[in-house]
Structures are given as C-alpha cells and as structure tokens.
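Chain by chain, the residues run as shown.
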Amino acid sequence: LLAVVDAHGKFTYINAGRPGSVGDAGTYNDSLLKRLVDRRVWLNIRERRQRDGHIHGVYVRPYLVADGAFALQATCMKCYTDNGNLTARQRSFNYRLRRVVEQAFGRFKGRFRLQV
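Residues numbered from 1 in each chain as written. Predicted model: local features only at pLDDT ≥ 70, side-chain atom pairs only at ≥ 80, totals over all residues. Heavy atoms only, no water.

K.L.:
Just to check I follow, could you spell out the overall build of the protein for this structure?
P.N.:
Across its full length, the protein holds 4 helices and 6 strands. Taken from the N to the C terminus, the helices and strands of the protein come in the order β-β-α-α-α-β-β-β-β-α. The 116 residues of the protein split such that 22% are buried. Taken as a whole, the protein presents about 8,600 Å² of accessible surface, with 51% of it coming from carbon and sulfur. (Helix = DSSP H or I, 4+ residues; strand = E, 2+ residues; numbered from the N terminus. Buried < 20%, exposed > 50% of the residue type's maximum accessible area, 1.4 Å probe, protein only. Areas by Shrake-Rupley, 256 points an atom, 1.4 Å probe, with all protein chains shown as cover.)

K.L.:
How do you make sense of helix 4 (residues 88-112) when you look at a structure like this?
P.N.:
A turn of α-helix holds 3.6 residues, and therefore any two residues three or four places apart point the same way. For helix 4, with 25 residues, the first-to-last C-alpha span of 36 Å sits near the 36 Å given by 1.5 Å per residue. Taken as a whole, helix 4 carries its principal kink of about 35° at R99. Those residues of helix 4 not exposed but buried are N94, L97, A104 and F105. Of the surrounding elements, those touching the buried residues of helix 4 are strand 1 (2-5), strand 2 (11-15), strand 5 (64-66) and strand 6 (76-78). (Expected span 1.5 Å × (residues − 1). Bend = angle between axes of the 7 residues up to and from the residue. Contact = heavy atoms within 4.5 Å.)

K.L.:
Before we go on, may I ask you to explain a nonpolar patch on the surface in this structure?
P.N.:
Together, I55, V58, V60 and Y63 line one region of the surface with nonpolar side chains, adding up to about 340 Å² of accessible area. In this structure, Y63 sits in the loop between strand 4 (58-59) and strand 5. What makes Y63 partly exposed here is its relative accessible area of 34%. (Patch = residues over 30% accessible without salt bridge, like charges linked within 9 Å, V, L, I, M, F, W, Y side chains within 5 Å. Salt bridge = Lys/Arg side-chain N within 4 Å of Asp/Glu carboxyl O.)

K.L.:
What exactly am I supposed to notice about the pattern of salt bridges here?
P.N.:
Pairing is possible between side chains of opposite charge, provided their charged atoms come close. Scanning all chains against the criterion turns up 2 salt bridges. A salt bridge links E102 to R98; the nearest nitrogen and oxygen atoms lie 3.0 Å apart. One end of the pair is E102 and the other is R98, both in helix 4 and 4 residues apart, which spans about a single turn. Exposure remark for E102: the relative accessible area of 48% places this residue in the partly exposed category. Note on R98: relative accessible area 35%, which makes it partly exposed.

K.L.:
Can you walk me through the side chain of T27 in this structure?
P.N.:
Position of T27 among the secondary structure elements: in helix 1 (residues 24-29). Ignoring any residue separated from it by four or fewer positions in sequence, one finds T27 in contact with L2, N15, R18 and V22.

K.L.:
So what exactly am I meant to see when it comes to the pairing of strand 2 here?
P.N.:
Regular strands place side chains that alternate from one sheet face to the opposite one. One ladder, built from 4 bridges, connects strand 1 with strand 2; its direction is antiparallel. Bridge pairing in strand 2 links A3 to I14. Counting the residues that bridge the hairpin from strand 1 to strand 2 gives 5 residues, and of these G9 lies at a positive phi of roughly 85°. (Pairing = 2+ DSSP bridges.)

K.L.:
Sorry, what's going on with the layout of surface pockets here?
P.N.:
Here the largest pocket defines a volume of roughly 1,300 Å³. If you trace the largest pocket, you find 40 residues lining it, with V5, D6, A7, Y63 and V65 closest to the centre. Of all elements in the fold, only strand 1, helix 1, strand 3 (54-55), strand 5, strand 6 and helix 4 reach the threshold of two or more residues within the lining of the largest pocket. In terms of residue count, the dominant contributor to the lining of the largest pocket is helix 4 (7 residues). Class assignment for the residues of the lining of the largest pocket results in 26 nonpolar, 4 polar and 10 charged. (1 Å grid on protein atoms, 1.4 Å probe; cavity = no way out; pocket = protein on both sides within 12 Å on 5 of 7 lines; lining within 4 Å. Points joined across faces, edges and corners; volume = space filled by probe spheres on them. Nonpolar A, V, L, I, M, F, W, Y, C, P; charged D, E, K, R; others polar.)

Structural data, given as structure tokens:
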C-alpha cells in the first residue's frame, strides 16, 4: 500500500494495485502520482500557490516525505538514516516528519479494523 497524507493527516492519494514484493519505491515509480509530481501538477500546485502554502509570507511548495526506500529528489524529503549516530536535532526531524503519517494510518486501521 502506497499512500500520501497531507499535513492535516488527510489521505490525498492511495495506490494498492501492486504486489507486495514490488515495494514502495517500485510502486511509486510506476504510479500516476509520480507522473503528476514530475509534471508539477500534483495537488494543483499552480492553483494552490495563490491560496495556501505560505509561511510568514513566503511560499513553500509541497513535498513528499518518504522513508529510506525512496530516492532523495527535489520533490521528496527523506528522514535521516538512523545509523546509531543521529544528533538530537536529526532524531527530532525524523519524528516530526513521520508523526503525521503514522497517526493517519493508526486512525485508518482503527476505523476500518484492517491490517496494513
């Protein structure tokens, strides 16, 4: 299952159409989501820029946040690889990036009583 959750914990994309052996990165590389991100039309970025995405008056475009299976790209942030030497700031960064997604999946599993 490949899913995207926004900053508010709302699922904005779900792809369940690949065998589990393919993995998340392979599923993403073959997905509509990747094509939309590559064409910069994911989340209607041009349209949304005018109404949200501003922090203290500066526009911040949306990013995907992914685990270590994904390649770091201009549109995709990754958590720091935990090799046992992370600083407190790096651990905090990882925690904050993953928290929203993990909470959204927890609510999803609780609501539908599914094994994900």
